[in-house]
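# Structural overview for review
Here is what each chain is made of, one letter per residue.
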Amino acid sequence: MYKVDLPVDESALRAVERRRAAEAERKNRIFNSRSRVIGVDLRALHKQREEKQERLEMDKQRDMAHDLLRLSLDEMAMQQKKGEEELRRELAQDLVQYRAIHQRAEDSRDADVNYGRQAAPDASISVSGSALGPASMQVFLGEGMNENEKKKAQMEINNKKKTDRKKGEEKKRKRREQKNRELLTGRELVDKDLRAVQLKALEEKCKRAAHIALSQYNQAQAEERMEREQQERLRREGEELAEVRYMVTSDLLTERPEAAKRKTESSAEGPRVLTDRWKGMTPQQISEIQRKREEQCLEKERLREMERQRDVAWDYHLTEQARQQEREKNRDKELNRERRIQLDKYNQQLAREHQAHQHYLDKQLYTNRPTVHYFTQFNTSSR
């Protein structure tokens, strides 16, 4: 057997390299903390957003194309409908013209019966041609010549008559419309003039009514002012007369000594002293005032003594309250100190237990410590 160099399968190598490159790219994407978002594939999300935007843009363009197509179809339908109406109108006109040319009542078989008698009563025969002989023929050879030219000339005459009649009717209609417009314009002008006259009459009437109302109001104001001035004059005269009467009969001019001690009806406190007539106090009044003053001084001294005793009692109460608060505060400090000592003892006991447990974990339980090689076997693949 001879050794033969077989060609290497390049497709398998390319597949392996492609998988290795994809794995390397996946590792870079997964283990890169800068460009990685936990649980989210940003590239796929961006691609989905771009696809959605493209789909929305395509839908928008399709809708716009449908709208343009619908508008074009509507316009084509309207044009088609308009063309059909125009064609139907032309056909109707052609039919009317055909009937006017080829289906006239004068050219019918019984035209000689319906129209011939009116024009020439002796030209027709009441007996049918089968009852008579060959000599009873109605139309002879050579009588129907140039019939088409006659019909065409007759049609032109009829068309001209129709055109003249239409023009005359159109002129009459225009004249009648012009006359109606002139009548309407004249009626509008008359209505405007009548309305202006009525408005002017109403305005004059309103002005007269306003002038009358203003005159009546001014007259009433003048009468009221005169009445008020008269009442004011009478009141002032009455006050002056009352003042003169009071001055004549008052105590000031009569100089009565009893006027200073007189009781008045308006005063509810008894006798009221009139300062302009007062001549001084009596000895009894002076002694009464001194007695009142002494009583007030004694009462004020008694109130001052009561106030001092109340202040002393209040100060004693505040002092006792402060002492009680100080005792409560000292008692709370002592309790807190004892509680702190107990808490320190408990914490020391917990620390000793924790140290014993940690010593048990470090020295007895966890004796096989992991090396660096143990941690390097994790996160080596993206799968």
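For every chain, the first residue of the written sequence is number 1, and numbering continues from 1 onward in sequence order. Per-residue local features of the predicted model are confined to residues with pLDDT of at least 70, and side-chain atom pairs are confined, for both listing and counting, to 80 or more; whole-chain, interface and lining totals are unaffected and use all residues. Only hydrogens and water are removed before side-chain values are computed, so all heavy atoms of the structure are retained for them.

If you tally the helices and strands in the protein chain, you get eight helices and zero strands. Put simply, DSSP marks the helices as runs of H or I at least four residues long and the strands as runs of E at least two long, and each gets a number from the N terminus on. Listing the helices and strands of the protein chain from first to last along the sequence gives α-α-α-α-α-α-α-α. When the 383 residues of the protein chain are sorted by exposure, 3% land in the buried category. A separation threshold of at least 6 residues defines the contact pool for the protein chain, and within that pool the share at least 24 residues apart is 40%. By element, 55% of the accessible surface of the protein chain is carried by carbon and sulfur atoms, the whole surface being about 36,900 Å². Burial status follows relative accessibility: with a 1.4 Å probe on protein chains alone, a residue under 20% of its type maximum counts as buried, one over 50% as exposed, and anything between as partly exposed. In this analysis, two residues are considered to be in contact whenever any of their non-hydrogen atoms come within 4.5 Å of each other. For the accessible areas, the method is Shrake-Rupley and the probe is 1.4 Å, while residue cover comes only from the protein chains on display.

Here we come to the pattern of salt bridges. Each reported salt bridge corresponds to a side-chain nitrogen of Lys or Arg within 4 Å of a carboxyl oxygen of Asp or Glu. Applying the stated rule across the entire model yields 21 salt bridges. When the shortest N-O distance is used, the salt bridge between Glu320 and Arg323 registers 3.4 Å. A residue pair is termed a helical-turn pair when its members lie 3 or 4 positions apart in one helix, as Glu320 and Arg323 do in helix α7 (residues 283-365) at three residues. The partly exposed category is assigned to Glu320, whose relative accessible area is 29%. Here Glu334 makes a salt bridge to Arg337, at a shortest N to O gap of 2.4 Å. Taken together, the residues Glu334 and Arg337, both in helix α7 and three residues apart, mark about one turn of the helix. For Glu334, a relative accessible area of 34% translates into the label partly exposed.

So, about a nonpolar patch on the surface. Together, Leu69, Leu73 and Met76 give the surface a local cluster of nonpolar side chains, amounting to about 300 Å² of exposed area. Structurally, Leu69 is set in helix α2 (residues 42-102). When its relative accessible area of 46% is taken as the criterion, Leu69 is described as partly exposed. Residues enter a patch when their relative accessible area is above 30% and they make no salt bridge; the linking distance is 9 Å between like charges and 5 Å between nonpolar side chains (Val, Leu, Ile, Met, Phe, Trp, Tyr).

On to the confidence of the model for the protein chain, then. Residues with a pLDDT of 70 or more make up 76% of the protein chain, whose mean pLDDT is 79. Taking the mean pLDDT of every element in the protein chain, the minimum, 48, falls on helix α4 (residues 116-119) and the maximum, 92, on α7. With pLDDT under 50 throughout, residues 117-125 is counted as low confidence; its partners more than four residues away or in other chains account for six contacts. pLDDT is a per-residue confidence score from the predictor, ranging from 0 to 100.

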